[in-house]
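Structural overview
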Amino acid sequence: QKEVEQDPGPLSVPEGAIVSLNCTYSNSAFQYFMWYRQYSRKGPELLMYTYSSGNKEDGRFTAQVDKSSKYISLFIRDSQPSDSATYLCAPKVNRDDKIIFGKGTRLHILP
Amino acid sequence: SAVISQKPSRDICQRGTSLTIQCQVDSQVTMMFWYRQQPGQSLTLIATANQGSEATYESGFVIDKFPISRPNLTFSTLTVSNMSPEDSSIYLCSVEDQGIRGEAFFGQGTRLTVV
């Protein structure tokens with residue numbers, strides 16, 4: 001079993017819809033959970049950062065971590081065409097540990 | 001945050017040749033990281049480069065194939081040696097935030113095609 005599993009998509013949704021992106025992981029020692037967004041021909045950039053279980057909200061974005069089921073989610077409300085990108089979940093055990101990246105989900109928001 | 005400049009942004013190379021990718025950071029950092037992103041695959045760490053010491057390679061990557069230099073605290077190079085079409089990929093340079101989060105910052109990547 002891979003450490004981080006993520007559906008590669010592509011996922012196409014109409015503008016204004018709520019988007020749900022998900023990852024599962026196998027390493028129960030993960031404590032730091034990040035979501036990176038990668039636009040075409042660009043490097044990834046940090047979008048959301050969560051420590052341990054719970055929810056974190058930032059504008060239209062909500063990151064959710066359920067450590068009991070080893071499930072990570074990213075919700076995007078009122079999706080915009082500018083949200084079209086690849087989203088990578090990226091957990092790690094400790095602050096100084098290697099980041100383990102999921103394959104990324106390609107998201108298309110249709111105008 | 002950190003601003004990372006990577007060169008070249010893309011290249012098409014003949015098999016059997018080598019390509020050196022440069023990475024410049026706008027601030028001094030202890031560690032720099034090199035990743036590979038193959039089509040449909042996750043970002044995979046190739047090696048960690050510390051200034052003044054040999055790079056540390058991840059399982060499946062060797063120095064002869066991916067030699068790395070780290071001459072100072074703001075610069076590093078990755079060479080892809082004796083290239084084959086399987087080396088076609090995006091190569092990314094990264095540094096990590098020195099604060100509590102340890103988030104990674106990335107260059108824009110080098111898109112390599114080997115023909």
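Up top is the structure.
As a further point, take the overall build of chain A. Per the secondary structure count, chain A includes 0 helices and 10 strands. Ordered by position from N to C terminus, the α and β elements of chain A give β-β-β-β-β-β-β-β-β-β. Whereas a compact globule of 111 residues would reach a radius of gyration of roughly 13 Å, chain A reaches 13 Å, a difference of no more than 12%. For chain A, the spread of C-alpha atoms along the principal axes amounts to about 40 × 25 × 25 Å.

Let us now look at the packing of aromatic side chains. Following the criterion strictly, the structure yields 11 aromatic pairs over all chains and no others. Ring centres of A:Phe101 and B:Phe106 lie 6.0 Å apart, and the angle between their planes is 70 degrees; on these two criteria the pair is classed as edge-to-face. Pair noted here: A:Phe101 is in the loop between β9 (85-92) and β10 (105-110) and B:Phe106 is in strand β10 (residues 104-106), and the two residues belong to different chains. An identical accessibility class is assigned to A:Phe101 and B:Phe106; each is buried.

The next subject is the state of the cysteines. As enumerated under the stated definition, the model contains 2 disulfides over all chains in all. A:Cys23 shares a disulfide with A:Cys89; S-S distance 1.8 Å. Since a negative S-S torsion denotes a left-handed disulfide, the A:Cys23-A:Cys89 link at about -100 degrees is left-handed. Residue A:Cys23 is found in strand β3 (residues 19-25), and its partner A:Cys89 is found in strand β9; the two are separated by 66 residues along the sequence. In this structure B:Cys13 is not part of a disulfide, and its nearest cysteine sulfur, from B:Cys23, lies 18 Å away. Note on B:Cys13: relative accessible area 8%, which makes it buried.

Bring the parts together and some accessible area is lost; that lost area is often taken as the interface size. Listed per partner, the contact involves 23 residues of chain B and 18 residues of chain A. Summed over both sides, the interface between chain B and chain A buries roughly 1,700 Å², with carbon and sulfur atoms accounting for 48% of that surface. Three residues stand out in chain B for area buried against chain A, namely B:Leu43, B:Arg101 and B:Phe106, and they jointly supply 27% of the buried area on that side. In this assembly, chain B and chain A are joined by 1 salt bridge. A salt bridge links B:Glu58 to A:Lys98; the nearest nitrogen and oxygen atoms lie 2.8 Å apart. At the junction of chain B with chain A, the criterion picks out 3 residue pairs in polar contact (both at pLDDT 80 or more). Sorting the residues of the side of chain B that touches chain A by element identifies β4 (31-37), β5 (43-50), β9 (89-96) and β10 of chain B as the ones contributing at least two each. Per-class residue counts for the side of chain B that touches chain A are 7 nonpolar, 9 polar and 7 charged.

Following the sequence through the fold, B:Glu58 ends up in the loop between β6 (56-57) and β7 (68-72). Other than its neighbours up to four places away in sequence, B:Glu58 contacts A:Lys98, B:Leu45 and B:Ile46. Looking at B:Glu58, its side chain comes within polar contact range of the side chain of A:Lys98, at 2.8 Å.

Now for the sheet that holds strand β6 (residues 54-58) of chain A. Residue and element names in this part refer to chain A. An order of β1-β3-β8-β7-β6 is seen for the 5 strands of this open sheet, with the pairing classed as antiparallel. Of all the strands in the sheet, just β1 (4-6) and β6 have a single pairing partner and so form its edges. Across the sheet, the mean angle separating the axes of adjacent strands is 15 degrees when strand polarity is ignored. Pairing between β6 and strand β7 (residues 61-66): 5 bridges, direction antiparallel. Across the sheet, residue Asp58 finds its bridge partner in β7, namely Phe61.

Basis of the calculations
- Residues numbered from 1 in each chain as written.
- Chains lettered and ligands numbered in written order.
- Predicted model: local features only at pLDDT ≥ 70, side-chain atom pairs only at ≥ 80, totals over all residues.
- Heavy atoms only, no water.
- Helix = DSSP H or I, 4+ residues; strand = E, 2+ residues; numbered from the N terminus.
- Rg over C-alpha atoms; globule rule 2.2 N^0.38 Å.
- Phe/Tyr/Trp six-rings, centres within 6.5 Å; stacked < 30°, edge-to-face > 60°.
- Buried < 20%, exposed > 50% of the residue type's maximum accessible area, 1.4 Å probe, protein only.
- Disulfide = S-S within 2.5 Å.
- Contact = heavy atoms within 4.5 Å.
- Buried area = accessible area lost by both parts, 1.4 Å probe.
- Salt bridge = Lys/Arg side-chain N within 4 Å of Asp/Glu carboxyl O.
- Polar contact = N/O pair within 3.5 Å; in protein donor to acceptor, adjacent residues only side chain to side chain.
- Nonpolar A, V, L, I, M, F, W, Y, C, P; charged D, E, K, R; others polar.
- Pairing = 2+ DSSP bridges.
- Axes fitted to C-alpha atoms, helices over the stretch in contact; angles between N-to-C directions.

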